[in-house]
Amino acid sequence: KNQVEQSPQSLIILEGKNCTLQCNYTVSPFSNLRWYKQDTGRGPVSLTIMTFSENTKSNGRYTATLDADTKQSSLHITASQLSDSASYICVVSGTGTASKLTFGTGTRLQVTL
Amino acid sequence: DAGVTQSPTHLIKTRGQHVTLRCSPISGHKSVSWYQQVLGQGPQFIFQYYEKEERGRGNFPDRFSARQFPNYSSELNVNALLLGDSALYLCASSLRLAGESSNEQFFGPGTRLTVL
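Residues numbered from 1 in each chain as written. Chains lettered and ligands numbered in written order. Predicted model: local features only at pLDDT ≥ 70, side-chain atom pairs only at ≥ 80, totals over all residues. Heavy atoms only, no water.

A few words on the overall build of chain A. Of the regular secondary structure elements, chain A holds zero helices and 11 strands. For chain A, the sequential pattern of α-helices and β-strands runs β-β-β-β-β-β-β-β-β-β-β. For a compact globule of 113 residues, the expected C-alpha radius of gyration is about 13 Å, and chain A comes in at 14 Å, within 12% of that figure. Residues classed as buried in chain A amount to 47% of the 113 residues present. Within chain A, residue pairs in contact and separated by at least 24 positions form 56% of the contacts whose partners lie at least 6 positions apart. Accessible surface for chain A amounts to roughly 5,400 Å². Of this, 48% is attributable to carbon and sulfur atoms. Averaging the coordinates of the 10 positive side-chain charges in chain A and doing the same for the 7 negative ones gives two points 6 Å apart. (Helix = DSSP H or I, 4+ residues; strand = E, 2+ residues; numbered from the N terminus. Rg over C-alpha atoms; globule rule 2.2 N^0.38 Å. Buried < 20%, exposed > 50% of the residue type's maximum accessible area, 1.4 Å probe, protein only. Contact = heavy atoms within 4.5 Å. Areas by Shrake-Rupley, 256 points an atom, 1.4 Å probe, with all protein chains shown as cover. Lys, Arg positive; Asp, Glu negative; His and termini not counted. Charge placed at Lys NZ, Arg CZ, Asp CG, Glu CD.)

What chain B contains, in helices and strands, is zero helices and 11 strands. Ordering the α and β elements of chain B from the N terminus gives β-β-β-β-β-β-β-β-β-β-β. With respect to the principal axes defined by its C-alpha atoms, chain B has extents near 40 × 30 × 25 Å. The burial tally for chain B puts 49% of its 116 residues in the buried class. For chain B, the exposed surface amounts to about 5,500 Å²; the carbon and sulfur share of it is 49%. Distance between charge centroids for chain B: 7 Å, based on 11 positive and 9 negative side chains.

What follows is about the pairing of strand β6 (residues 56–59) of chain A. Across a regular strand the side chains alternate sides, sitting on one face of the sheet and then on the other. Residue and element names in this part refer to chain A. Relative to strand β7 (residues 62–67), β6 runs antiparallel, the two sharing four bridges. Across the sheet, residue Thr56 finds its bridge partner in β7, namely Thr65. As consecutive antiparallel partners, β6 and β7 are separated by two residues, and within that stretch Gly60 has a phi angle of approximately 65°, a positive value. (Pairing = 2+ DSSP bridges.)

This part is about the environment of A:Leu82. Residue and element names in this part refer to chain A. One can find Leu82 in the loop between β8 (72–77) and β9 (86–94). Given a relative accessible area of 39%, Leu82 falls into the partly exposed group. Sequence-distant contacts of Leu82, that is, excluding residues within four places in its chain, are made with Glu15, Val111, Thr112 and Leu113.

Here the focus is the sheet that holds strand β3 (residues 19–24) of chain B. All names here are of chain B. With respect to topology, four strands assemble into an open sheet ordered β1-β3-β8-β7, the strand pairing being antiparallel. Because the sheet does not close on itself, it has two edges, and the strands there are β1 (5–7) and β7 (64–68). Mean inter-strand twist for the sheet, computed between neighbouring axes without regard to direction, equals 15°. Bridge count for β7 against strand β8 (residues 74–78) is five bridges, and the pairing is antiparallel. Note that in β8 the partner of Phe64 across the bridge is Val78. (Axes fitted to C-alpha atoms, helices over the stretch in contact; angles between N-to-C directions.)

Residue and element names in this part refer to chain A. Strands sit in the order β1-β3-β8-β7-β6 across an open sheet of five strands; the sheet is antiparallel. Taken across any chain shown, the strands that pair with only one partner, and hence form the sheet edges, are β1 (4–7) and β6. Pairwise comparison of adjacent strand axes, ignoring direction, gives a mean angle of 15° for this sheet.

Facing 20 residues of chain B, the contacting portion of chain A comprises 20 residues. The largest share of the area that chain B buries against chain A comes from B:Pro43, B:Gly99 and B:Phe107, three residues that together contribute 29% of it. If you look at where chain B meets chain A, you find zero salt bridges. Between chain B and chain A we count three residue pairs in polar contact (both at pLDDT 80 or more) in total. Listed by contribution, the elements that provide at least two residues to the side of chain B that touches chain A are β4 (31–37) and β9 (87–94) of chain B. The class makeup of the residues in the side of chain B that touches chain A is eight nonpolar, 10 polar and two charged. (Buried area = accessible area lost by both parts, 1.4 Å probe. Salt bridge = Lys/Arg side-chain N within 4 Å of Asp/Glu carboxyl O. Polar contact = N/O pair within 3.5 Å; in protein donor to acceptor, adjacent residues only side chain to side chain. Nonpolar A, V, L, I, M, F, W, Y, C, P; charged D, E, K, R; others polar.)

On to the environment of B:Phe60. Residue and element names in this part refer to chain B. Mapped onto the secondary structure, Phe60 falls in the loop between β6 (53–57) and β7. Considered as a pair, Phe60 and Gln36 are 24 residues apart in the sequence and their alpha carbons are 9.9 Å apart. If we ignore the near neighbours within four places in the chain, the residues touching Phe60 are Gln36, Gln44, Phe45 and Ile46.

Here the focus is the pattern of salt bridges. Side chains carrying opposite charge are able to pair once their charged atoms draw close together. All names here are of chain B. In total, this model carries seven salt bridges over all chains according to the counting rule given. As a salt-bridge pair, Glu54 and Arg57 come within 3.3 Å of each other at their nearest N and O atoms. On the basis of relative accessible area, Glu54 is assigned to the partly exposed category, the value being 36%. Connected via shared salt-bridge partners are Arg22, Arg67 and Glu75.

Structure below.
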């Protein structure tokens, strides 16, 4: 069964600090992995999309990494801001019959003063 | 350019009723996907439509149905509502099939359905 697991479930950090969110997946065969940011009660917004051949991709203060061999990804947030408070969802797509998107349950990040 | 729009934004129904949720994709996008997101969980895939044909179905009962119109807008219908159908229903559009590489999905704001 295709699964995507994220850790930690929730995280509280001080403004200005860095943090790293983890994503492990079992989707096979693998096509691409996405990170989304979702504010409470809103639709997710795409941060990065990475294919098998990409092992890092940045979007401003967000940097995603991918290790397709170990089936792990991380999202690193640098110099956090209060507006980074949101849920971060890892989404994996396979190929062929596994081509639909499989969503993780998300990491709830809270940035405080 | 308008993003993905959904209507209504909020809806309250009682058990046994039916509901129709609507989605307008970004202009030029031919793929629409529907997701159910229960509070505290990630979105769960319900349907994907591409060029007006169903191209994928998640693990949901037959009470859930959808269709895509010639203008690529879409409706999600849920019959015989249960308390457990209370959730945020998200619509997403993209140029190509949702899972394809480099094919970004754009989500709408969602419809919050409460079943009493």
